[in-house]
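Results of the structural survey
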Amino acid sequence: MVYWIKNSNFAFQLQIKMNNIDIEAIRRDFPILSRKIYDKYPLVYFDNGATTQKPLCVLDAMREEYLNVNANVHRGVHYLSQQATDLHEAARECVRAFINAESTNEVIFTRGTTESMNLLASSFTDGFMHEGDEVIVSEMEHHSNIVPWQLMRTRKGIVVKVIPITDDGQIDIEEYKRLFTDRTRLVSVTHVSNVLGTVNPVKEIVNIAHEHGVLCAIDGAQSAPHMKINVQDIGCDFYAFSGHKMYGPTGIGVLYGREQLLDKMPPYQGGGEMIGTVSFEQTTWADLPFKFEAGTPDYVATHGLAKAIDYMNGIGIENIETHERELTRYALERLQEIEGVRIFGPTDANKRDAVISFLVGKIHHLDMGTLLDRLGIAVRTGHHCAEPLMHRLGIQGTVRVSFAMYNTKEEIDTLVNGIQRVSQMF
């Protein structure tokens, strides 16, 4: 592996004290956090579930590669191409270790979780499903784990079945068990709800599927940034996540799949890189993982993703998880002090991750988000690409706050004060 790119002067050597992370050292690595909003208020960034900010080490590494190593990968014998290829494939190994996949052949680079799920839906359906075969999803899924399967329903005649959720925002396991038939081929569920913060019992969900001889895919977009991921321990057959939600660049993601399954699935796209040989009579496919990586990959973004993973590992995934769980518990306690607040999802903080969605009285979520923004507080409003879940909850949308390793309890206090200030206006 070639890591010759010079290191920039960033504060990557973070202090770890009694399993607590040095928040001030971390925040210095994210200059955007020192911005003033409307030239008045310090930025309080609570929209991490949509995208996280990027540390200097990621930005510097990508800039250095563009300046010094920019060349297309896998296709050149010249010096720059070989170095760019080494960096790109080193990133694949970094991802493999991060999720504990068995082989780099099981790590497919995509543009993000959405493309990963579309690739899975298309290629899995073509490779393993026939008209009338079933896929099971849950009521709390992001659109990227609903719409691709609906497209396959239209094109291939598959059946989409839905696991209901309980009133406190958890998958109804008993109802889940009743959905299986001899036509069920795949279960595809989220690890962590991007609205409710629910941490689903994915090992149990996978085990139940496997007991029925059914494969299982996990949408890890909201879990990979916050907790240690071990795909072999989970036992899942596929796992997807995005770089931009875990301090990496936009436009890069991963689909993990067990090698023997990926071998049997047809390509998702055609073009360069994914071929073995091409003639007008017949085309053969490249070996894994390249069979699913048509065209020029974003090799600079893969290097950026690897740097983001290195950054998280340097802090310690367990330390990040502990800190964010404490932020979530604290935020739940503080938000419940607000008159008329309604919090969605599990009431037990141990069953949810770094996402909280809420409404206050009759204040429209868009009004709340707009007015909080005027105070320098960035939150997400709307249906969060989960309209079926909104229908289940009987609402149009929520205000969502989502935490990252660089957030603080003081920022949560600022949020609560801001909500109370907005509430007084109504």
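Going by the structure above, here's the rest.
Parameters and conventions
Residues numbered from 1 in each chain as written. Predicted model: local features only at pLDDT ≥ 70, side-chain atom pairs only at ≥ 80, totals over all residues. Heavy atoms only, no water. Pairing = 2+ DSSP bridges. Helix = DSSP H or I, 4+ residues; strand = E, 2+ residues; numbered from the N terminus. Axes fitted to C-alpha atoms, helices over the stretch in contact; angles between N-to-C directions. Contact = heavy atoms within 4.5 Å. Parallel < 35°, antiparallel > 145°, perpendicular 65-115°, else oblique. Left-handed = near helix turned anticlockwise from the far one by under 90°. Nonpolar A, V, L, I, M, F, W, Y, C, P; charged D, E, K, R; others polar. Phe/Tyr/Trp six-rings, centres within 6.5 Å; stacked < 30°, edge-to-face > 60°. Lys NZ or Arg CZ within 6 Å of the ring centre and 35° of its normal. Buried < 20%, exposed > 50% of the residue type's maximum accessible area, 1.4 Å probe, protein only. Right-handed = clockwise from strand over helix to strand, strands pointing away.

**Some words on the sheet that holds strand 12 (residues 253-257)**
Strand order in the open sheet formed by 7 strands is 6-12-11-10-9-7-8, and the pairing between neighbours is mixed. Two strands lie at the open edges of the sheet, namely strand 6 (107-110) and strand 8 (159-163), each paired on one side alone. Sheet twist, expressed as the average angle between the axes of neighbouring strands with direction ignored, equals 20°. Examined bridge by bridge, strand 11 (residues 238-242) and strand 12 share 5 bridges and lie antiparallel to one another. Residue pairing in the sheet places Ser242 in a bridge with Gly253 of strand 12. Running over the sheet, helix 4 (residues 113-128) touches strand 6, strand 9 (184-190), strand 10 (215-219), strand 11 and strand 12 and is turned about 155° from strand 11. Its contacts with the sheet place helix 5 (residues 147-156) against strand 7 (134-138), strand 8 and strand 9, and it is angled at close to 145° to strand 8.

**Points about the pairing of strand 13 (residues 275-278)**
Of the strand pairs in this sheet, strand 13 and strand 14 (residues 283-285) are connected by 2 bridges, and their pairing is antiparallel. When the bridges of strand 14 are listed, Ile275 appears paired with Trp285.

**Quick word on the packing of helix 3 (residues 79-99) against helix 10 (residues 299-315)**
Look at helix 3 against helix 10: their axes get within 8 Å of each other, and the N-to-C directions meet at 40°. Regarding the angle of helix 3 to helix 10, the classification is oblique. Helix 10 is crossed by helix 3, and the crossing has left-handed handedness. Each of Leu87, His88, Ala91, Cys94, Val95 and Phe98 in helix 3 lies in contact with helix 10, whose residues at this interface are Tyr299, Thr302, His303, Leu305, Ala306, Ile309, Asp310, Met312 and Asn313. When grouped by side-chain class, the residues that make up the contact of helix 3 with helix 10 number 10 nonpolar, 4 polar and 1 charged.

**Some words on the packing of aromatic side chains**
Aromatic rings considered in pairs are described by the distance between their centres and by the relative angle of their planes. Evaluated as defined, the whole model comprises 10 aromatic pairs. Aromatic rings pair up to connect Phe30, Tyr247, Tyr311 and Tyr406 into one cluster. A cation over a ring is seen here: Arg374 above Tyr38, with NZ or CZ 3.9 Å from the ring centre. Across the ring face of Tyr330, the terminal group of Lys409 is positioned such that the distance to the ring centre comes to 5.3 Å.

**Structural notes on the pairing of strand 7**
Extensive coverage of strand 7 is indicated by the burial of 5 of its 5 residues. Where burial is concerned, the two faces of strand 7 agree: the one with Glu134, Ile136 and Ser138 and the one with Val135 and Val137 are both buried. Here strand 7 runs beside strand 8; their pairing, made up of 5 bridges, is parallel. Note that in strand 8 the partner of Val135 across the bridge is Val160. Of the crossover connections in this fold, the one passing from strand 7 over helix 5 to the parallel strand 8 is right-handed. Here 3 bridges tie strand 7 to strand 9, and the two strands are oriented parallel to one another.

**As for the packing of helix 2 (residues 56-68) against helix 10**
With their axes 9 Å apart at the nearest point, helix 2 and helix 10 run at an angle of 150° to one another. In terms of their interaxial angle, helix 2 and helix 10 are classed as roughly antiparallel. Relative to helix 10, helix 2 is oriented so that their crossing is right-handed. When helix 2 is examined against helix 10, the residues Cys57, Val58, Ala61, Met62, Glu65 and Tyr66 are found in contact with a partner set consisting of Tyr299, Val300, Ala301, His303, Gly304, Lys307, Ala308 and Tyr311. Along the lines of polarity and charge, the residues of the contact of helix 2 with helix 10 split into 10 nonpolar, 2 polar and 2 charged.

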